[in-house]
Amino acid sequence: MTVLSLTRGGAAGAAGAPPPRRRRGRVALARIGGGLAVLVPIVFLSTFITFCLGALSNSNPAATILGQDAATPAAVARLDNYLGLDHPLIVQYWNWLVQAVHGNLGRSYFTQIPVSVSIAQRLPVDLSIAILALILAVVIGGTAGIVAAIRRGGWLDRGITAACSAVSTLPAFVVGIILVVLFAVTVHVFPANGYVGPSAGLGDWLSHIFLPSLALSLAVSADVARQLRTSLVQVLEQNYIVGARVRGLPYRRILVRHALRNAAGPALVVLGNDFPQMLAGAVAAEVVFSLPGLGQLLLESAQTRDIPVVQGLLLVVSVFVIVVNLVVNTTLNWLYRTDDGMGT
Amino acid sequence: MSGRRRLIGHNGAKGSGSVLRLPSARIAVGILAAIAFLAAFGSVLAPQSPLAINANALFQGPSLHHLLGTDYLGRDVLSRLMVGTRLSVLTAVEAVGIGLVLGAIPGIATVFVGRSFDFAINRVSDALMTLPYIFFAVAVTAALGNGLPQAMIAVGILLAPLFFRVTRAATLEHARAQYVEAAELLGASKLHVIRVHVLRKVLPNIVVTTASMTAAALLAVSFLTFLGIGVQPPTPTWGGVMSSDLDYLAQAPWAPFIPGVLIAVTVGALNALADAFRDRSTAGTLVIADPIVHTDLERADGDRQSQAVA
């Protein structure tokens, strides 16, 4: 699931004949304007959907907070007024959004702990898993893709391709369980569950997040490997690579400086598109390895129907997805911009 | 992969046979037929009661009496999986159905209704794509109550943008064809154009998307039931069997592999089927027989595109 075209909608009209140099600035502005025209409605819509979940739930927050005995109509009305629940939906949404922008996501119905505090406590767990998973995906997927491309047609290539197909059918939580069985239960190399922060020691921290990250990264690694293999095979058949070999340049240098540089694009796109989903996928890893992350918080608050926490979580994750997508697309456009400054 | 795909694409574009010519598709259809059979008759054919607890037979390995062993309450794993198939598969199909209706209809409509409508629906689709499946599904069950229908509506809504994009792109491609223009000049109504010209051409893309989305929905359902969303504990589901195995890894480390393999094989079969359909209908050539005149030019173009893909 990607938002690949997030910044492209507005640019489509401007693309065409390459503009002269003077108009570059205007084109760039039009691009940014077009991007914003697409981006702003997305942010509002996705936050509105998130907010509406609370309104859709039939639960009566005031009654829930007060408990069965104290929930007299007058007390409920007073609390509704205090919580702002007596306003029209769209006003409530606007107030909620303004508060959210200021970092106030409300308080849990039950524990009264500010939602932003709970999220901030648990976010590092998922972020460290997701980032380590990203690194692992680059290392594993990159290596596998390059090896497969160099040895194309050989048994190593076939093995890697087969492994990629197999891995991509396995959901992350199944991979996670397999890893637990292999490395934590059978051979006690890594801890099977739990989390310690980086402050407790780097080695300890890494050993606790390694298996979850590996579980999360395998599917992405397979995507990256497949994409990199395909584009690298194409690039290696180009004339300039043949030319470089004829000139007697070392193969390693040709591979890294000439081929990989040009072949990495599509693999980077795959990686960039998969990363936002990795944070969401970290939920799977969290549950299997019982780490105290956002996913556990989501499950707990869903069970108690603690709507502010659920809304806050959904808001944070979807905004994260939007921001990362934007950053990834902008970076890729900048990296692979063509001479006319239009990007790819 | 590229070599094989080109070969298949080439045959596909020329041959008139069905998708079933490919061995991978035949195996996939066989597996899916077996799963469908289990979904229909699993609860009748299950050798034992999926809920019968036997304290004398905990964590047993596969044996003649319990072909796939027993779980932490001594319940027969094979029976639990057979009975659980219906719920797991039906909910995934429901989600895909919701996604198909919510996605494909606007996908065709946006091309014909107008630009502002197109823009609005596109933004809604983009916004939905920023919501991660599992987070959204769990959040919806928090709001609407913990039940599989609620979770499935959530997953279906999130599948809709994917159907929408595929359908819209395919519709755009065909709605600008010259024969559509000709039909419009001859006075054909929009509905006629959609029904006769567009729908048939877009159908192959929808079929491919449906197959791969069913795989995605099945994964989502298994994961949700694994998390305990939507079903109460004694009810057997694929994900549920797996989650109870997870707590007793020390006693029976092999146990999660059984539902894991079942899920992976089904998802793999659906993906293989989607690939087969995709190869068969390379770049817009048809899966189904087409009564409309099929020009040689178009065929050649399809061939070239399929080779470009490879």
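Parameters and conventions
- Residues numbered from 1 in each chain as written.
- Chains lettered and ligands numbered in written order.
- Predicted model: local features only at pLDDT ≥ 70, side-chain atom pairs only at ≥ 80, totals over all residues.
- Helix = DSSP H or I, 4+ residues; strand = E, 2+ residues; numbered from the N terminus.
- Buried ≥ 20, exposed ≤ 12 C-beta atoms within 10 Å, placed from the backbone.
- Contact = placed C-beta atoms within 7 Å.
- Axes fitted to C-alpha atoms, helices over the stretch in contact; angles between N-to-C directions.
- Parallel < 35°, antiparallel > 145°, perpendicular 65-115°, else oblique.
- Left-handed = near helix turned anticlockwise from the far one by under 90°.
- Arc of directions from axis to C-beta.
- Core = buried A, V, L, I, M, F, W, Y, C linked by C-beta atoms within 7 Å.
- pLDDT = per-residue confidence, 0-100.

S.K.: Help me understand the overall build of chain B, please; the structure alone is not making it clear to me.
M.R.: Counting secondary structure elements, chain B contains 11 helices and zero strands. The secondary structure elements of chain B, listed N-terminal to C-terminal, are α-α-α-α-α-α-α-α-α-α-α. Looking at chain B as a whole, 50% of its 310 residues are labelled buried. A separation of at least 24 residues holds for 71% of the contacts in chain B among residues at least 6 apart in sequence.

S.K.: What is the right way to look at the overall build of chain A in this model?
M.R.: Each helix and strand in chain A was counted, giving 13 helices and zero strands. Helices (α) and strands (β) of chain A occur, in sequence order from the N terminus, as α-α-α-α-α-α-α-α-α-α-α-α-α. Here chain A holds 344 residues, and 38% of them are scored as buried. Residue pairs in contact within chain A that sit at least 24 positions apart in sequence constitute 72% of those at least 6 positions apart.

S.K.: Help me understand the interface of chain B and chain A, please; the structure alone is not making it clear to me.
M.R.: Where interface size is quoted, it is often the accessible area lost as the parts come together. If you look at the interface, chain B gives 37 residues, while chain A gives 44 residues. Only α4 (115–129), α5 (133–144), α8 (190–227) and α10 (257–280) of chain B provide two or more residues apiece to the side of chain B that touches chain A. In terms of residue count, α5(B) provides more of the side of chain B that touches chain A than any other element does, 10 residues in total.

S.K.: Honestly, helix α7 (residues 178–185) of chain B in this entry has me stumped. Any pointers?
M.R.: Every α-helix winds through 3.6 residues per turn, so residues three or four apart in the chain are directed the same way. Taking burial as the measure, the eight residues of α7(B) include zero buried ones, a minor fraction of the element. Once α7(B) ends, the next one or two residues include G187(B), with phi positive near 95 degrees.

S.K.: Explain the packing of helix α6 (residues 115–150) of chain A against helix α13 (residues 307–335) of chain A to me, please; I cannot follow it from the model alone.
M.R.: When two helices pack together, their arrangement is given by the angle between the helix axes and the distance between those axes. Residues and elements named next belong to chain A. For the pair α6 and α13, interaxial distance at closest approach is 9 Å and the crossing angle is 55 degrees. Considering their axes alone, α6 and α13 lie oblique with respect to each other. Between α6 and α13 lies a crossing whose hand is right-handed. Contacts between α6 and α13 involve V115, S116, S118 and I119 from the first element and P308, V309, G312, L313 and V316 from the second.

S.K.: Which parts of the structure should I look at to understand helix α12 (residues 294–303) of chain A?
M.R.: Residue and element names in this part refer to chain A. Regarding α12, the residues found buried are L294, G295, L297, L298, S301 and A302. Buried residues in α12, looked at end-on, bunch into an arc of 160 degrees, giving them a common side. Once α12 finishes, R305 follows within two positions and takes phi at roughly 55 degrees, a positive value.

S.K.: Is there a simple way to think about unusual backbone geometry in this case?
M.R.: Glycine aside, a negative phi is what most residues show, and trans is what most peptide bonds show. Residue and element names in this part refer to chain A. In this model, S290 sits at a positive phi of 35 degrees, which is unusual for a non-glycine residue. Locating S290 in the fold gives a position in the loop between α11 (251–288) and α12. Located in the positive-phi region is R305, a residue other than glycine, with phi close to 55 degrees. Assessed through the 21 C-beta atoms surrounding it within 10 Å, R305 is described here as buried.

S.K.: What's the story with the nonpolar core in this structure? I'm lost.
M.R.: Nonpolar side chains tend to gather and get buried jointly when the protein is soluble and globular. Membership of the largest hydrophobic core comes to 164 residues, with the highest contact counts inside it found for A137(B), V155(B), L159(B), A217(B) and A220(B). Beyond its immediate stretch of four places on either side in the chain, A137(B) contacts A151(B), A154(B), V155(B), A220(B), L224(B) and I229(B).

S.K.: Looking at this structure, how should I read the environment of S43(B)?
M.R.: All names here are of chain B. Tracing the sequence through the fold places S43 in helix α2 (residues 23–45). Under the C-beta neighbour-count criterion, S43 is labelled partly exposed, with 17 such atoms within 10 Å. Sequence separation between S43 and G84 is 41 residues; the distance between their C-alpha atoms is 8.1 Å. The contact partners of S43, leaving out residues within four places of it in the chain, are V83 and R86.

S.K.: I keep staring at the confidence of the model for chain B and nothing clicks. Help me out?
M.R.: Low pLDDT means the predicted atomic positions in that stretch should not be read closely. All names here are of chain B. In the predicted model, chain B carries a mean pLDDT of 75, and the fraction of residues at 70 or more is 80%. Here residues 1–16 is a poorly scored stretch, pLDDT under 50, and it has 25 contacts once near neighbours within four places are set aside; other chains count. Confidence drops under pLDDT 50 across residues 283–310; counting only partners more than four residues distant or on other chains, this segment forms 36 contacts. The complex prediction reports pTM at 0.76, with the ipTM value standing at 0.75.

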